[in-house]
Amino acid sequence: MNLKFTEEQEMMRTMVRDFAQNEVAKEVERMETEDRFPIEVIKKMGELGLMGIPIDEKYGGSGMDFTSYIIAIHELSKVSASVGVILSVHTSVGTNPILYFGTEEQKQKYIPKLASGEYIGAFALTEPSAGSDAASLRTTAKRDGDDYILNGSKMFITNGGVAQTYIVFARTSEEERSRGISAFIVEKDTPGLIIGKKERKMGLHGSNTVELSFDNCRVSKEQLLGEEGEGFKIAMSNLDRGRVGIAAQALGIAEASLEHAIAYAKEREQFGKPIAHQQGLSFKLADMATQVEAAKLLTYQAAELVGKGLPAGKQASMAKMYSTKTAVKTAIEAVQVFGGYGYTEDYPVERFFRDAKVTEIYEGTNEIQRLVIGKHLLK
Ligand code: CAA
């Protein structure tokens, strides 16, 4: 694996880094204290083409490669992991299912709006009693003439309270588990789609997470995405790509934790010298840096495979599992380096610590990633 980026990819990194420093950083405090969705930031990202980075120009996207998109999530997440996940969910699982499985008409209707940031996308798979076991979902979509009627509830929907389109998974037949599931594009104002409780979370403040329910929510058959019964495969194949985005988000948290820890260790003096010169501390930084580097290699390797259209499920799960574990470990160690100050809100490391944990949970827990990797190994 050669971590050499093209000129175009380096330009993306510089542009997003500047944007994160100049436009995102100043919103972090408000996201933390008010738990407010950073709509102005997202609109500006739309203007810069960041809401549709890997989307073909013919559908209004930026037409850049998947690695450039991963670079954007990585750089944004160094400043705000909330903005990182908003972008990742919007693109990987909010927009891409339409790009990969939609009819030409569906693509023309939705993708330009999603790629420009006029619309925000969400993905509604998880239910109160169907998390890791996604195939056990119970939301139903019953055919009624030219329509389907959706009933059921969804849980932990990222971007759910601010989205204009939802990719919704529902059972269209009594066929066993995954085979009876279909996917639908549901628009926000569809009668019967009810936005429920907004979750109060440990971290990722500013990222909007809600419950959804469907009460006789009628959608036309034109909203079916792919074929009837194809929904589970649509969910899984898009999660394969989506998990690389979460790996990049976690990589951003891990790298930011390391950079803040190094800067502080060089500046903070105890026992007459900077704590960085205590061997115990430098060993800690060495471990953190090695893990960040390994996470980077795994993440960009998976991104390259996705970009080339090669099978990437195993590498995406490896990247997601390792990078998210590294984010948690590195953020905990960064708090330790900062000592008492690290436990206060005066420094960002306590936020990194709170933001990191969920990356090991969503888009498939790390136990599920091991299951996926194991299945690939034993195929
Ligand atoms: N691509 C295409 N098809 C796939 C696939 C993939 N990656 N993985 C499985 N399939 C197909 C299988 O081939 C199989 O097809 P057939 O029936 O034709 O043989 C079918 O799907 C069922 O596969 P499995 O028997 O392997 O399914 P399973 O019930 O054992 O579940 C699982 C597999 C990996 C555990 C899956 O349920 C899973 O990934 N669970 C985690 C769910 C998850 O990631 N949720 C994330 C929610 S979104 C989110 O978190 C976003 C956010 O907010 C940040």
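This one's a predicted model, so the numbers in the text were calculated from it and none came from an experiment.

Where do I start with the packing of helix H4 (residues 81–101) against helix H6 (residues 231–267) in this structure?
Packed helices, taken two at a time, are described by the angle their axes make and the gap between the axes. Close contact between H4 and H6 brings their axes to 9 Å; oriented N to C, the two are set at 160 degrees. Of the possible angle classes, the one that applies to H4 and H6 is roughly antiparallel. Helix-helix and strand crossings are classified by hand; for H4 and H6 the assignment is right-handed. Residue-level contacts link Ala81, Val85, Ser88, Ser92, Val93, Asn96, Pro97, Tyr100 and Phe101 of H4 to Ile234, Ser237, Asn238, Leu239, Arg241, Gly242, Gly245, Ile246, Gln249 and Ile253 of H6. The residue makeup of the contact of H4 with H6, split by class, is 10 nonpolar, 8 polar and 1 charged.

Please clarify how the nonpolar core should be interpreted in this entry.
A general tendency of soluble globular proteins is for nonpolar side chains to be buried together. Met45, Ile70, Leu76 and Phe169 are the most contacted members of the largest nonpolar core, which totals 98 residues. Of all hydrophobic cores here, the second largest spans 19 residues; its members include Ala122, Val186, Leu193 and Val219.

So what exactly am I meant to see when it comes to the UniProt feature "domain: Acyl-CoA dehydrogenase/oxidase N-terminal" (unreviewed entry) in the protein here?
The UniProt entry lists residues 6–118 under the feature "domain: Acyl-CoA dehydrogenase/oxidase N-terminal" (unreviewed entry), expressed in the numbering used here. Here residues 6–118 is 74% helix and 0% strand, with 29 Å between the C-alpha atoms at its ends.

I would appreciate a short explanation of the domain arrangement of the protein in the present structure.
Often, the extent of an interface is quoted as the loss of accessible area upon association of its parts. Domain boundaries assigned for the protein yield domain 1 (7–120), domain 2 (122–230) and domain 3 (232–378). Spacing between the C-alpha centres of domain 2 and domain 3 amounts to 30 Å. Domain 2 puts 16 residues into the contact, and the matching count from domain 3 is 14 residues. Overall, the association of domain 2 and domain 3 removes approximately 1,200 Å² of surface from exposure, summing both partners, and the carbon and sulfur fraction of that is 74%. It is Met202, Leu204 and Glu230 in domain 2 that bury the most area against domain 3; as a group they hold 42% of the surface buried on that side. Here domain 2 is connected to domain 3 by 0 salt bridges. Between domain 2 and domain 3 we count 5 residue pairs in polar contact (both at pLDDT 80 or more) in total. Each residue belonging to the side of domain 2 that touches domain 3 can be placed in one class, and the counts come to 10 nonpolar, 5 polar and 1 charged.

Even after reading the chapter, I still don't get the pairing of strand E3 (residues 147–158), so can you show me in this structure?
Each regular strand displays side chains that alternate between the two surfaces of the sheet. As judged from the 5 bridges shared by strand E2 (residues 140–144) and E3, these two strands associate in the antiparallel manner. By the bridge assignment, threonine 140 is partnered in E3 with asparagine 151. The hairpin formed by E2 and E3 contains 2 residues between the paired strands, and glycine 145 there has a positive phi angle of roughly 60 degrees.

I would appreciate a short explanation of the packing of aromatic side chains in the present structure.
Aromatic ring pairs: the centre-centre distance and the angle between the two ring planes describe each pair. Applying the stated criterion to the full structure yields 8 aromatic pairs. Ring plane angle 65 degrees and centroid distance 5.0 Å describe the contact between phenylalanine 123 and phenylalanine 169, whose orientation is recorded as edge-to-face. Here phenylalanine 123, found in strand E1 (residues 121–124), pairs with phenylalanine 169, found in strand E4 (residues 165–171); they are 46 residues apart in sequence, far enough to count as distant. You'll find phenylalanine 123 and phenylalanine 169 in the same group, each marked buried. Ring centres of tyrosine 148 and phenylalanine 184 lie 4.9 Å apart, and the angle between their planes is 65 degrees; this geometry places the pair in the edge-to-face category. Of the two residues, tyrosine 148 sits in strand E3 while phenylalanine 184 sits in strand E5 (residues 181–187), which places them 36 residues apart along the sequence. Classification of phenylalanine 184 by relative accessible area gives buried; the value is 0%. By the ring-pair criterion, three or more aromatic residues cluster together here, those being Tyr264, Phe338, Tyr341 and Tyr347. Here the guanidinium or amino end of arginine 13 rests over the ring plane of phenylalanine 5, the centre of that ring lying 4.9 Å away.

Would you take a moment to explain the packing of H6 against helix H7 (residues 279–307) for this structure?
Two numbers describe how H6 lies on H7: the axes approach to 9 Å, and their chain directions differ by 155 degrees. The angle between H6 and H7 falls in the class roughly antiparallel. Relative to H7, the crossing made by H6 is left-handed. Listed contacts from H7 to Arg241, Val244, Ala247, Ala248, Leu251, Ala254, Glu255, Ser257, Leu258, Ala261, Ile262 and Ala265 of H6 are Leu281, Leu285, Met288, Ala289, Val292, Ala295, Lys296, Thr299, Tyr300, Ala302, Ala303 and Val306. Here the contact of H6 with H7 is composed, by residue class, of 19 nonpolar, 2 polar and 3 charged.

What am I meant to see in the site of the ligand here?
Close to the ligand lie 25 residues; Thr158, Arg177, Arg243, Glu363 and Lys375 are nearest. Between the ligand and the protein, one listed contact pairs a nitrogen atom with a backbone N or O atom of serine 132 at 2.8 Å. Interatomic distance of 2.7 Å between a side-chain N/O atom of arginine 243 and an oxygen atom of the ligand. Contributing elements (two or more residues each) for the shell around the ligand: H6 and helix H10 (366–378).

About the cut-offs
- Residues numbered from 1 in each chain as written.
- Predicted model: local features only at pLDDT ≥ 70, side-chain atom pairs only at ≥ 80, totals over all residues.
- Heavy atoms only, no water.
- Axes fitted to C-alpha atoms, helices over the stretch in contact; angles between N-to-C directions.
- Helix = DSSP H or I, 4+ residues; strand = E, 2+ residues; numbered from the N terminus.
- Parallel < 35°, antiparallel > 145°, perpendicular 65-115°, else oblique.
- Left-handed = near helix turned anticlockwise from the far one by under 90°.
- Contact = heavy atoms within 4.5 Å.
- Nonpolar A, V, L, I, M, F, W, Y, C, P; charged D, E, K, R; others polar.
- Core = buried A, V, L, I, M, F, W, Y, C linked by side-chain atoms within 4.5 Å.
- Buried < 20%, exposed > 50% of the residue type's maximum accessible area, 1.4 Å probe, protein only.
- UniProt positions renumbered as here; feature names shortened; annotations may be inferred.
- Domains from an automatic or database assignment.
- Buried area = accessible area lost by both parts, 1.4 Å probe.
- Salt bridge = Lys/Arg side-chain N within 4 Å of Asp/Glu carboxyl O.
- Polar contact = N/O pair within 3.5 Å; in protein donor to acceptor, adjacent residues only side chain to side chain.
- Pairing = 2+ DSSP bridges.
- Phe/Tyr/Trp six-rings, centres within 6.5 Å; stacked < 30°, edge-to-face > 60°.
- Lys NZ or Arg CZ within 6 Å of the ring centre and 35° of its normal.
- Near = heavy atom within 4 Å.

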